[in-house]
Amino acid sequence: MQATNDVTYIDCGRRFRLYDYANNNNPSSVSGRTQNWMDIDGSTSGLNVPTIIGSGLSDTGHWFRVDDDVVYDPEGPLYFIKKDNGPERSLGHIRLRFDDSLYNSVGKTSCMNGPKGYSQNNAHSLCPTIGRIRHLGPLFDSSNDSTGGLPITANAIVSGPTGGFGWLLNLDAGPPKSLRIDQIEIQDVVSPLILAIPYPQGTGFTIQAMVPWCTPSLTHSCTEQFTPASSVTEVRYSQGNKYYYDTTTNLLYVRIIMAPQTYTGDNLYSPTAQWHMWDMNDLNNKQYDKRKHALDRYSFNGITLAKYNTASYLQIEADCNPNSSSKYCSTTPAYVEPQVCPQGYVQVAYDKCCVSAGSSNCYDFTAPPTQAPTSPPTFGTNSNLFYNPSFENGSLTPWYANGGSIELVNGIKHGSGSFSVLCKGRTATWQGVEQDMLAGVGVGGTRFVAGNTYHIMFWAKLKNTGSATVKITMKASYNNGSPVYSGISKNLNNYSWNLIEGDVTLDGGSGTLTEAKLYVNGPPSGVEFWVDDLSAVLV
């Protein structure tokens, strides 16, 4: 990302020029075609309004020629895009990785620095075009832009205007079976970057945001599984963790957002780790990570720019029939240009629909939601202090396995609802399902407080043994001694659900409570059991 602000020209002629001293952009380079920056106040462009400046090289097609109101400077050559001429205009940057053999050739046998046509070990240094990317909508189809859009090469970096109806990616070899998207920069959270890719009908998708070298915890997660949406609109106004495959156009849609370097979810807006739309000013709350802000950024002289990190990425896996290389789908569907404008409106820009070209009567698209997800729950004195006590949100979060493993089970349930949790893979009596009772907010500022007594209730049922003792254990640690263990137990059977209940007291003397965890355990190694409908109430 780049930006300028408050620029003054004194005793000079041509203000700036995009110039390649090797051969003056013939042929052009990836950096030349994707050159862009934000002119914060319009003082650089001379328009005196916030301006996006983008490359005007001929082989960029209409990538930066986003509407008829752009100003073209042929001597630049540059396009000046008036930022406020659209509802959510900004800039974004991504890197696409879909073929390791191509990617690994960059800087070695292709896409090399130095004079164009330079050869090393009989290998050509140019970056041949292997696909195109363009803006969605009929204004940018082949009848209006014969180039097909911005070239994609082995050095598959894309940078350009966000906030439109989407970037449409077409690769010559076919849709990628495995696509990694990294080096993500989104300058403004309210300016969506929607990526659309044609895939054959019947293709299934697994889409995740991922962070390597990350250890999951109650407060920070390491992966986010995207879920299907019912429309493009739902993807656009989502928190960036949904996808939609449109069977009428054969296009897959995903929204790309920035995520932190060391986690995919935090407890900034929720009591436990949760994915959400991060803002540039959101603070980093991960222990031992010295970054002040959740998103990498660069600030200077009042301007803050998004800065991509080198770890987090988005992974799209498609289960289409592979071609001979196994890297692409065997067929590329004839996608249908989507209707980006409502009935009665025509596309007049990459991000605008009006009743006609030049009209001020334009469609007002719904504003995006706030980046904060659902507010964390509050607790009264008679409230259940467990989060997700009955697993009815279809998730295990914030429960986790204290040894062994746990599985969310649909159809085996105490009382009403659908879900319970199965504790399995146990190799010791103490292993089972656990929740951290200090994380999050409850009575008195935290959920569990030293000196208090809590009434605990839960239901359990054995699976693979006739009878065994099941208990719930409180592990409480204080700063003045070793952990203190207390709990309640009951002998259970495998033919009915059984209620276990009793009181536990956090009695650590004068010490400060540093740890409070409740975990269900007790049966011998190898015994599996279900747990449901847990309750912890302040007495």
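Residues numbered from 1 in each chain as written. Predicted model: local features only at pLDDT ≥ 70, side-chain atom pairs only at ≥ 80, totals over all residues. Heavy atoms only, no water.

Trainee: It is not clear to me how the packing of aromatic side chains should be interpreted in this structure. Could you clarify?
Mentor: For any pair of aromatic rings, geometry is given as the distance between the ring centres together with the angle between the planes. Per the counting criterion, the structure on display carries 13 aromatic pairs. In this structure an aromatic cluster arises from ring pairing among Tyr199, Phe205, Tyr243 and Tyr245. The positively charged end of Arg180 is found above the aromatic ring belonging to Tyr313, 3.8 Å away from the centroid. (Phe/Tyr/Trp six-rings, centres within 6.5 Å; stacked < 30°, edge-to-face > 60°. Lys NZ or Arg CZ within 6 Å of the ring centre and 35° of its normal.)

Trainee: Just checking my understanding: could you explain the state of the cysteines for this structure?
Mentor: As used here, a disulfide is simply a covalent bond connecting the sulfur atoms of two cysteines. One pass over the full model with this rule turns up 5 disulfides. Each sulfur of the disulfide joining Cys214 and Cys222 lies 2.0 Å from the other. Torsion about the S-S bond of the Cys214 and Cys222 cystine: about -75°, corresponding to left-handed handedness. Disulfide pairing places Cys341 opposite Cys353 at an S-S distance of 1.9 Å. When the S-S torsion is -80°, as for the bridge of Cys341 with Cys353, the disulfide is left-handed. (Disulfide = S-S within 2.5 Å.)

Trainee: Please explain the sheet that holds strand β25 (residues 400-402) as it appears in this structure.
Mentor: Strand pairs in the sheet, formed through backbone hydrogen bonds, run parallel or antiparallel to each other. One open sheet holds the 5 strands; their spatial order is β25-β28-β33-β30-β31, and the pairing between them is antiparallel. At either end of the open sheet lies a strand with only one pairing partner, and these are β25 and β31 (484-493). Strand after strand, the sheet turns through a mean of 30° between neighbouring axes, direction not considered. Direction of pairing for β25 relative to strand β28 (residues 432-436): antiparallel, over a ladder of 3 bridges. Bridging across to β28, Tyr400 finds its partner in Glu434. (Pairing = 2+ DSSP bridges. Helix = DSSP H or I, 4+ residues; strand = E, 2+ residues; numbered from the N terminus. Axes fitted to C-alpha atoms, helices over the stretch in contact; angles between N-to-C directions.)

Trainee: How do you make sense of the pattern of salt bridges when you look at a structure like this?
Mentor: Two side chains of opposite charge can pair, provided their charged atoms sit close to one another. Inspection of the entire model under this criterion finds 19 salt bridges. In this structure, the salt-bridge partner of Glu337 is Arg134, at a minimum N-O distance of 2.4 Å. With Glu337 in the loop between β22 (313-318) and β23 (346-349) and Arg134 in strand β9 (residues 131-135), the pair connects residues that are 203 residues apart, well separated along the chain. Grouping residues by exposure puts Glu337 and Arg134 together as buried. Linking Lys463 and Glu528 is a salt bridge whose minimum nitrogen-to-oxygen distance equals 3.4 Å. On the criterion of sequence distance, the pair formed by Lys463 in the loop between β29 (453-462) and β30 (467-478) and Glu528 in the loop between β33 (513-521) and β34 (529-538) is long-range, its members being 65 residues apart. The exposure class assigned to Lys463 is partly exposed, which follows from its relative accessible area of 41%. In this structure Glu528 comes out as buried when scored by relative accessible area, which is 19%. (Salt bridge = Lys/Arg side-chain N within 4 Å of Asp/Glu carboxyl O. Buried < 20%, exposed > 50% of the residue type's maximum accessible area, 1.4 Å probe, protein only.)

Trainee: Mind showing me how you'd approach the confidence of the model for the protein here?
Mentor: Interpreting fine coordinate detail is not advised for predicted regions of low pLDDT. For the protein, the average pLDDT comes to 88, and 91% of its residues sit at 70 or higher. Across residues 367-377, where pLDDT falls below 50, the model places 24 contacts with residues more than four positions away in sequence or in other chains. (pLDDT = per-residue confidence, 0-100. Contact = heavy atoms within 4.5 Å.)

Trainee: Could you clarify how one ought to interpret the side chain of Ser159 in this entry?
Mentor: Looking at the secondary structure, you find Ser159 in strand β11 (residues 157-162). Relative accessible area serves as the criterion here: at 8%, Ser159 is assigned to the buried category. Side chain to side chain, Ser159 and Asn36 meet in a polar contact 2.7 Å long. If we skip the residues at most four places from it in the chain, Ser159 touches Thr34, Asn36, Trp63, Phe64, Gly92, His93 and Trp167. (Polar contact = N/O pair within 3.5 Å; in protein donor to acceptor, adjacent residues only side chain to side chain.)

Trainee: Hey, could you run me through the side chain of Ser29 in this one?
Mentor: Along the chain, Ser29 falls in the loop between β1 (3-4) and α1 (30-33). Here the side chain of Ser29 touches Ser31 through a polar contact of 3.2 Å, side chain to side chain. Looking at Ser29, its side chain comes within polar contact range of the main-chain nitrogen of Gly32, at 3.1 Å.

Trainee: Would you take a moment to explain the pairing of strand β27 (residues 419-424) for this structure?
Mentor: In the case of a regular strand, side chains alternate between the two sheet surfaces. Burial runs high along β27: 5 of the 6 residues are buried. The sheet contact formed by strand β26 (residues 405-410) and β27 spans 6 bridges and is antiparallel. Across the sheet, residue Leu408 finds its bridge partner in β27, namely Val421. Sheet analysis places β27 next to β34, joined by 3 bridges and oriented antiparallel. By the bridge assignment for β34, Leu422 is matched with Trp530.

Trainee: Would you mind going over the nonpolar core with me for this structure?
Mentor: Leu96, Ile152 and Ile181 are the most contacted members of the largest nonpolar core, which has 57 residues in total. Looking at this core, the element that brings in the most residues is strand β13 (residues 178-186), giving 4 residues. In this view, Leu96 contacts Ile152, Ala156, Val158, Leu169, Leu179, Arg180 and Ile181; residues no more than four positions away in its chain are not counted. Within the second largest apolar cluster, 38 residues are counted, among which are Ile456, Leu462, Val504 and Ala516. (Core = buried A, V, L, I, M, F, W, Y, C linked by side-chain atoms within 4.5 Å.)

Trainee: I'm lost on unusual backbone geometry in this one. Help?
Mentor: The peptide bond linking Gly76 to Pro77 adopts the cis configuration, its omega dihedral lying at -20°. Of note, Pro77 is situated in the loop between β4 (71-73) and β5 (78-82). With an omega of 5°, the peptide bond running from Thr397 to Pro398 counts as cis. Here Pro398 is to be found in the loop between β24 (352-354) and β25. One non-glycine residue, Asn301, lies in positive phi territory at about 55°. Relative to the helices and strands, Asn301 is located in the loop between β20 (297-300) and β21 (303-306). For Asn301, a relative accessible area of 67% gives the class exposed.

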